Amino acid sequence: MGKPKHYRPPGKKKEGNAARYVTRSQAVKLLQVSLPVFRKLCILKGIFPREPKKKVKGNHHTYYHLKDIAFLQHEPLLETFRDLRAYEKKIKKAKAKKNEKRAKQLEVRRPNYKLDRLIRERYPKFVDALRDLDDCLTMVHLFAALPALEREKVEVKRVHNCRRLSHEWLAYISRTHKLRKVFVSVKGIYYQAEVQGQKITWLTPHAMQQVLTDDIDFNVMLTYLEFNETLLAFVNCHLYNSINVRYPPILDPQLEALAADLYALSRWFAAGSRASKLDPQPSSLSGSEEGQGTALKESELRLAQLQHQLPSNEPGALMHLVEDVAGDEEEEDEDTRECKKLFRNMKFFLSREVPRESLLFVIHAFGGTVSWEGEGAPFDENDDGITYQIVDRPTQTHRILSREYVQPQWICDCVNARIILPTEGYLVGRVPPSHLSPFVDNDAVGYVPDYAETIKRLQAAAKNQVLPFPGVGEEDIEDPQSLLAEGVIDRAEANKAAERKQKIMTLEKQYHDELKMELQGVSYSSSTSKQVSVEETEVREESLPDAEQIAQDTANMSKVVMSRKKRRLYEAIEIGKQRKRDEINLLKERKKNNRVSQKS
């Protein structure tokens, strides 16, 4: 008996999924590293598990593509991690022998590595880095607000570095007026900016004490943070150099000690823009590497040279923060110019109970001038030029008549609406209107809140547009007869318009009746409609099927023709639509109940 046609002896070359995919344990043995090192390599290189169509080893395994593992075999970081492991053994051996001096020397001379090459490898173009910046910004802002914990390896130095990088990003967005949306939620504050045509959305936690739980694997998060720090540093360096500002910035030590880092960065931008006008110099993209190696004496010398360029803490000195660099107006798009002028010529003062850092960032990004309560502020509370004071308390005892006292939500709603909203609903002690999310398309959802309609009409009024009334189409606006109720035309024209409207309604009703009769299969005309009695019409309507029933039967017939897969997909779509309609009806019912309760 001969061998089968496709006979393959055991242990020989594999085919199919068995040859293309390996499990995680097989990959670890192939690379000869431990599981934590393998996980760190995959995170830094951007290699993730795959889902093969046929899992050869079973469903309880994690699979990787064999080409990805071969890609890791030639990674220089693999040898670096092996050397670090051998170095850790030396330190452990010195501590075991109680040779503290030797252990300290080894700790000081611990080898280090950089991820610059990986950034260039994973993001060949700068636009690619911007597209992948959402999670990076969210994680950096998260660790900037976390407390330092030695048991979780969250060091003070790393927290300070995250805070510095996040402030540098916020300062650039504020200086270039690239912020587009702001939404305050329970999780934190959502921001969306548009940089070089890419929309970047990130989440920042509230300025509160963060409580760390035990169910978080900080080793994995710190590995992601290590890569994200390097990525954000490269992005900040490129963006700063694109507007002719030196990177890394040098902050005012006094403001930095007062935790006014964002304001200090804004002053650095103002000084850098003036210096670039006087002495423009080409900047290189390797500024981050050069800045890390700058000596302390050289930094102090540059700081001393720039002290005369920085604006002083005098009333009105913050107006320099919104100065335009020469030629910026030509490069700015329409959205940027609109955002730049929203809070122009307005001065804001932040009370001590409001989130200072967030409001400082948002108001600067939309062209406003802002100060706060405390040392290092540009102007104090008694300044006569203040137009709005942001307060978040039940009552305000001391009031100045020349300014308005509003809640912080008013700033966010004005930013999302791109207009200055009326302040009556946001005054101190009042319940503000609903804070609507700018990331939700009300028209697509099918439910438009009342306050969204109000904002839409205020926007139309600001742009000198006329919007239809609720329940009225836009075609009614073009018709001058729709403005009769407002007294735009006289009584004679009103009577003529009423008669014309009555005729149109009669013709429209007759047309619908004819269409309904045609759907029922009966010839119907205007001459025969006058001769048919009321009783005969009622009998005919009872005997013939309804138009809705005909449409439903047609839909069922088309459903029968479908294949089983398409029919299930169609049913799932219909279930989703029905669920969406139920949610909208629930919202409308709640709105109706709220109105009834308010009236009662």
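Residues numbered from 1 in each chain as written. Predicted model: local features only at pLDDT ≥ 70, side-chain atom pairs only at ≥ 80, totals over all residues. Heavy atoms only, no water.

*Asks:* Give me the overall build of the protein chain: which residues, what numbers.
*Replies:* Scanning the protein chain from terminus to terminus reveals 27 helices and 9 strands. Taking the intrachain contacts of the protein chain between residues at least 6 apart in sequence as the baseline, contacts between residues at least 24 apart amount to 63%. (Helix = DSSP H or I, 4+ residues; strand = E, 2+ residues; numbered from the N terminus. Contact = heavy atoms within 4.5 Å.)

*Asks:* Let's hear about unusual backbone geometry: which residues, and what values?
*Replies:* Cis peptide bonds are those with omega within 30 degrees of zero, and the linkage from tyrosine 247 to proline 248 qualifies with 0°. Non-glycine residue glutamine 32 carries a positive phi angle of around 60°. The topology assignment puts glutamine 32 in the loop between helix H2 (24-31) and helix H3 (35-45). Look at glutamine 32 and you get exposed, because its relative accessible area is 62%. Look at histidine 177: it is not a glycine, yet its phi comes out positive at around 60°. By the element assignment, histidine 177 lies in the loop between helix H10 (156-176) and strand E3 (179-184). (Buried < 20%, exposed > 50% of the residue type's maximum accessible area, 1.4 Å probe, protein only.)

*Asks:* Pulling in residues and values, what's your account of the UniProt feature "coiled-coil region" (unreviewed entry) in the protein chain?
*Replies:* Within the UniProt annotation, "coiled-coil region" (unreviewed entry) is assigned to residues 77-109. Within residues 77-109, the helical portion is 88% and the strand portion 0%, while the C-alpha atoms at the span's ends are 19 Å from each other. (UniProt positions renumbered as here; feature names shortened; annotations may be inferred.)

*Asks:* A description of the packing of aromatic side chains should follow, citing residues and the corresponding values.
*Replies:* Using the criterion set out here, one finds 13 aromatic pairs in the structure. Ring geometry for tyrosine 123 and phenylalanine 227: centres 6.4 Å apart, planes at 35°, overall tilted. Separated by 104 residues along the polypeptide, tyrosine 123 in the loop between helix H7 (116-122) and helix H8 (126-131) and phenylalanine 227 in helix H11 (residues 218-242) bring together distant segments of the chain. In this pair, the class of tyrosine 123 matches that of phenylalanine 227, namely buried. Taking the centre distance of 5.2 Å and the plane angle of 75° together, the rings of tyrosine 191 and phenylalanine 361 count as edge-to-face. Remark: phenylalanine 361 occurs in helix H18 (residues 356-365) and tyrosine 191 occurs in strand E4 (residues 189-195); sequence separation between them is 170 residues. Taking relative accessible area as the criterion, tyrosine 191 reaches 3% and is therefore assigned buried. Among the aromatic residues, those joined into a cluster by ring pairs are Phe343, Phe348, Phe366, Tyr388 and Trp410. The ring of tyrosine 405 has arginine 399 lying over it, and the distance from NZ or CZ to the ring centre is 5.4 Å. (Phe/Tyr/Trp six-rings, centres within 6.5 Å; stacked < 30°, edge-to-face > 60°. Lys NZ or Arg CZ within 6 Å of the ring centre and 35° of its normal.)

*Asks:* Can you lay out the sheet that holds strand E5 (residues 198-204) for me, pointing to particular residues and giving the numbers?
*Replies:* Strand order in the open sheet made by the 3 strands is E3-E4-E5, with antiparallel pairing throughout. Among the strands making up the open sheet, the edge pair consists of E3 and E5. Ignoring strand direction, the axes of neighbouring strands in this sheet form an average angle of 15°. Strand direction decides the pairing type here: E3 and E4, joined by 5 bridges, are antiparallel. Residue valine 182 lies in a different strand from E4, and its bridge partner there is tyrosine 191. (Pairing = 2+ DSSP bridges. Axes fitted to C-alpha atoms, helices over the stretch in contact; angles between N-to-C directions.)

*Asks:* Tell me about the sheet that holds strand E9 (residues 404-406), and name the residues and values.
*Replies:* As summarised here, the arrangement of the 4 strands in space is E7-E6-E8-E9, forming an open sheet in which the pairing is parallel. Where the open sheet ends on each side, the last strands, each with one partner, are strand E7 (369-372) and E9. Taking each pair of neighbouring strands and ignoring which way they run, the sheet shows an average axis angle of 25°. For strand E6 (residues 347-350) and E7, the ladder comprises 4 bridges, and the chain directions are parallel. Note on E7: the bridge partner recorded for phenylalanine 349 is serine 371. Across the face of the sheet, H18 comes into contact with E6, E7 and strand E8 (388-390) while running at roughly 165° to E7.

*Asks:* Lay out the nonpolar core with the relevant residues and their values.
*Replies:* Of all hydrophobic cores here, the largest spans 96 residues; its most connected members are Phe38, Leu133, Trp169 and Phe348. No other element matches the 12 residues that H11 contributes to this core. Here leucine 133 is in contact with Trp169, Ile200, Leu231, Leu232 and Val235, once residues within four sequence places are set aside. Of all hydrophobic cores here, the second largest spans 5 residues; its members include Ile91, Ala94, Ala103 and Leu106. (Core = buried A, V, L, I, M, F, W, Y, C linked by side-chain atoms within 4.5 Å.)

*Asks:* Talk me through the packing of H3 against helix H4 (residues 66-73); I want residue IDs and the actual numbers.
*Replies:* Where H3 meets H4, the axes come as close as 11 Å, and the angle between the chain directions of the two elements is 95°. By the angle class used here, H3 and H4 are roughly perpendicular. Contact residues: H3 offers Phe38, Leu41, Cys42 and Lys45, while H4 offers Ile69, Phe71 and Leu72. When grouped by side-chain class, the residues that make up the contact of H3 with H4 number 6 nonpolar, no polar and 1 charged. (Parallel < 35°, antiparallel > 145°, perpendicular 65-115°, else oblique. Nonpolar A, V, L, I, M, F, W, Y, C, P; charged D, E, K, R; others polar.)

*Asks:* Could you give an account of the side chain of threonine 423, with specific residues and numbers?
*Replies:* Relative to the helices and strands, threonine 423 resides in the loop between helix H19 (409-417) and helix H20 (442-445). Threonine 423 gets classed as buried once you look at its relative accessible area, which sits at 8%. Setting aside anything within four residues of it in sequence, one finds threonine 423 in contact with Tyr388, Glu404, Val406 and Trp410.

*Asks:* Give a detailed account of the environment of lysine 199, specifying residues and quantitative values.
*Replies:* Along the chain, the position of lysine 199 falls in strand E5. Overall, lysine 199 belongs to the exposed group, its relative accessible area being 57%. It is 9.7 Å that separates the C-alpha atoms of lysine 199 and leucine 179, two residues lying 20 residues apart in sequence. Not counting the four nearest positions on each side in its chain, lysine 199 is found in contact with Asp134, Gln192, Ala193 and Glu194.

*Asks:* Go over the environment of lysine 153 with me, naming the residues and quoting the values.
*Replies:* Its location among the elements puts lysine 153 in the loop between helix H9 (134-144) and H10. Lysine 153 sits in the exposed class, given a relative accessible area of 54%. Sequence separation of lysine 153 and phenylalanine 218 is 65 residues, and the distance between their C-alpha atoms is 7.8 Å. Sequence-distant contacts of lysine 153, defined by excluding residues within four places in its chain, comprise Asn219 and Leu222.

*Asks:* I'd like to hear about the pattern of salt bridges, residue by residue, with values.
*Replies:* What the rule picks out here adds up to 21 salt bridges. Arginine 164 serves as the salt-bridge partner of glutamate 168, at 2.8 Å between the closest nitrogen and oxygen. With a gap of 4 residues between them, glutamate 168 and arginine 164 both fall in helix H10, about one helical turn apart. The class of arginine 164 is partly exposed, set by a relative accessible area of 36%. Close ionic contact of glutamate 353 with arginine 393 constitutes a salt bridge, the shortest N to O distance being 2.7 Å. Remark: arginine 393 occurs in the loop between E8 and E9 and glutamate 353 occurs in the loop between E6 and H18; sequence separation between them is 40 residues. In this structure glutamate 353 comes out as partly exposed when scored by relative accessible area, which is 28%. (Salt bridge = Lys/Arg side-chain N within 4 Å of Asp/Glu carboxyl O.)

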